[in-house]
Amino acid sequence: MKFRFPRFAFALVFATLLAGCASSYCWRPTVPQKMRSVCVPTFRNETSVQELGAIATRQLLREIQREGTFKIRNAGDAAVEIQGVVKSAGSTVGAYDRVTELALNAYNYTAVAEVSVIDKRSRKVLADNLKFRATVQFTSRRDLSTAMRNASDRLMDDLSRQIVDSLLSLKWERNSENE
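Residues numbered from 1 in each chain as written. Predicted model: local features only at pLDDT ≥ 70, side-chain atom pairs only at ≥ 80, totals over all residues. Heavy atoms only, no water.

> I keep staring at the overall build of the protein chain and nothing clicks. Help me out?
A tally of helices and strands in the protein chain yields four helices and six strands. Reading the protein chain from its N terminus to its C terminus gives the helix and strand order α-β-β-α-β-β-β-β-α-α. Of the accessible surface of the protein chain, which amounts to about 11,600 Å², a share of 52% is contributed by carbon and sulfur atoms. (Helix = DSSP H or I, 4+ residues; strand = E, 2+ residues; numbered from the N terminus. Areas by Shrake-Rupley, 256 points an atom, 1.4 Å probe, with all protein chains shown as cover.)

Have a look at this one:
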């Protein structure tokens, strides 16, 4: 009888990993079912970039839908409210184009936002003024303001992913009562 160590070893390692994963890791979200309905009022915009608060809100709603743990509801039906403020936004020079005699070519566009998460049923603040920073790069040769406006969707998309990731990692059991 010939002993096949590689197959046996593979099966043993796989069974061990499966047993370990079953006891310490879970694929389902840790957000309690009763806390999965959210509303997102329009973010307040404290920047000089027009409509950035509305763009941030739109992109956050899209990211919430894409991720799928939370369901978007109107303010009266939601268990959780996500309030946000876009605190700052601006661009800095990222690169020069040496061919065109150092004409500006690439810019870094950065935004900072603060987000609070409120349990609407108990009126408790689950997270207060969480800070998020997002940066994207864009190019412009002539009209900087139009290029910034076009890059705002990507900037707020990055910010929205950070916010949803943070929501998913909140310690919901500790923060929400009766769960």
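> Looking at this structure, how should I read the packing of aromatic side chains?
Note on aromatic pairs: each is described by the distance of the centres and the angle between the planes. If you walk through the whole model with that rule in mind, you get two aromatic pairs. Both rings, one in Tyr107 and one in Phe138, keep their centres 5.3 Å apart while their planes meet at 15°; by these two values the pair is stacked. With Tyr107 in strand β5 (residues 103–119) and Phe138 in strand β6 (residues 124–139), this pair connects stretches of sequence that are 31 residues apart. Just as Tyr107 is buried, Phe138 falls in that class too. Ring centres 5.9 Å apart and planes at 75° place the aromatic pair Tyr109 and Phe138 in the edge-to-face group. You can see Tyr109 sitting in strand β5 and its partner Phe138 sitting in strand β6, a full 29 residues away along the chain. For the pair shown, Tyr109 and Phe138 are each scored as buried. One aromatic cluster is present, built from ring pairs that chain together Tyr107, Tyr109 and Phe138. (Phe/Tyr/Trp six-rings, centres within 6.5 Å; stacked < 30°, edge-to-face > 60°. Buried < 20%, exposed > 50% of the residue type's maximum accessible area, 1.4 Å probe, protein only.)

> What's the story with helix α3 (residues 144–169) in this structure? I'm lost.
Two residues of an α-helix separated by three or four positions point the same way, owing to the 3.6 residues in each turn. Compared with an ideal rise of 1.5 Å per residue, which puts 26 residues at 38 Å, α3 spans 37 Å between its outermost C-alpha atoms and is within 8% of the ideal. Of all bends in α3, the biggest is about 35°, found at Ala151. All buried positions along α3 are accounted for by Ala147, Met148, Ala151, Ser152, Leu155, Met156, Leu159, Ser160, Ile163, Val164, Ser166 and Leu167. (Expected span 1.5 Å × (residues − 1). Bend = angle between axes of the 7 residues up to and from the residue.)

> Would you mind showing me how to read unusual backbone geometry here?
Backbone geometry follows two general trends: most residues other than glycine have a negative phi, and most peptide bonds adopt the trans configuration. You will see that Glu51, though not glycine, has its phi angle at about 65°, which is positive. With phi around 65°, Arg123 is a residue other than glycine that occupies positive phi space. Of note, Arg123 is situated in the loop between β5 and β6.

> Help me understand the environment of Ala75, please; the structure alone is not making it clear to me.
For Ala75, the location among the structural elements is in the loop between β3 (71–72) and β4 (80–97). Judged by its relative accessible area of 42%, Ala75 is partly exposed. Residues Ala75 and Val38, spaced 37 residues apart in sequence, show a C-alpha to C-alpha distance of 7.9 Å. Non-local contacts of Ala75, meaning those with residues more than four positions away in its chain, are made with Cys39 and Lys120. (Contact = heavy atoms within 4.5 Å.)

> Where do I start with the pattern of salt bridges in this structure?
Should their charged atoms come close, side chains of opposite charge can pair. Enumeration over the complete set of coordinates arrives at seven salt bridges. The residue Lys87 makes a salt bridge to Glu46 at a minimum N-O spacing of 3.0 Å. A residue pair is termed long-range when its members are at least 10 positions apart, and Lys87 in strand β4 and Glu46 in the loop between β2 (44–45) and α2 (52–67) qualify at 41 residues. Two residues, Asp157 and Arg161, come together in a salt bridge whose shortest N-O distance is 3.1 Å. Taken together, the residues Asp157 and Arg161, both in helix α3 and four residues apart, mark about one turn of the helix. The partly exposed category is assigned to Arg161, whose relative accessible area is 39%. Among the ionic contacts, a cluster of salt bridges with common partners joins Arg44, Glu46 and Lys87. (Salt bridge = Lys/Arg side-chain N within 4 Å of Asp/Glu carboxyl O.)

> How should the environment of Thr92 be read in this particular structure?
Mapped onto the secondary structure, Thr92 falls in strand β4. Other than its neighbours up to four places away in sequence, Thr92 contacts Ala106, Tyr107 and Asn108.

> Sorry if this is basic, but what is going on with the side chain of Ser116 here?
The residue Ser116 is located in strand β5 in this model. With a relative accessible area of 8%, Ser116 lands in the buried category. Only 3.3 Å separates the side chain of Ser116 from the side chain of Asp128, close enough to count as a polar contact. Among all residues touching Ser116, those that are not within four sequence positions of it are Glu81, Ile82, Gln83, Ala127, Asp128 and Asn129. (Polar contact = N/O pair within 3.5 Å; in protein donor to acceptor, adjacent residues only side chain to side chain.)

By themselves, these are just geometric observations and shouldn't be taken as functional.
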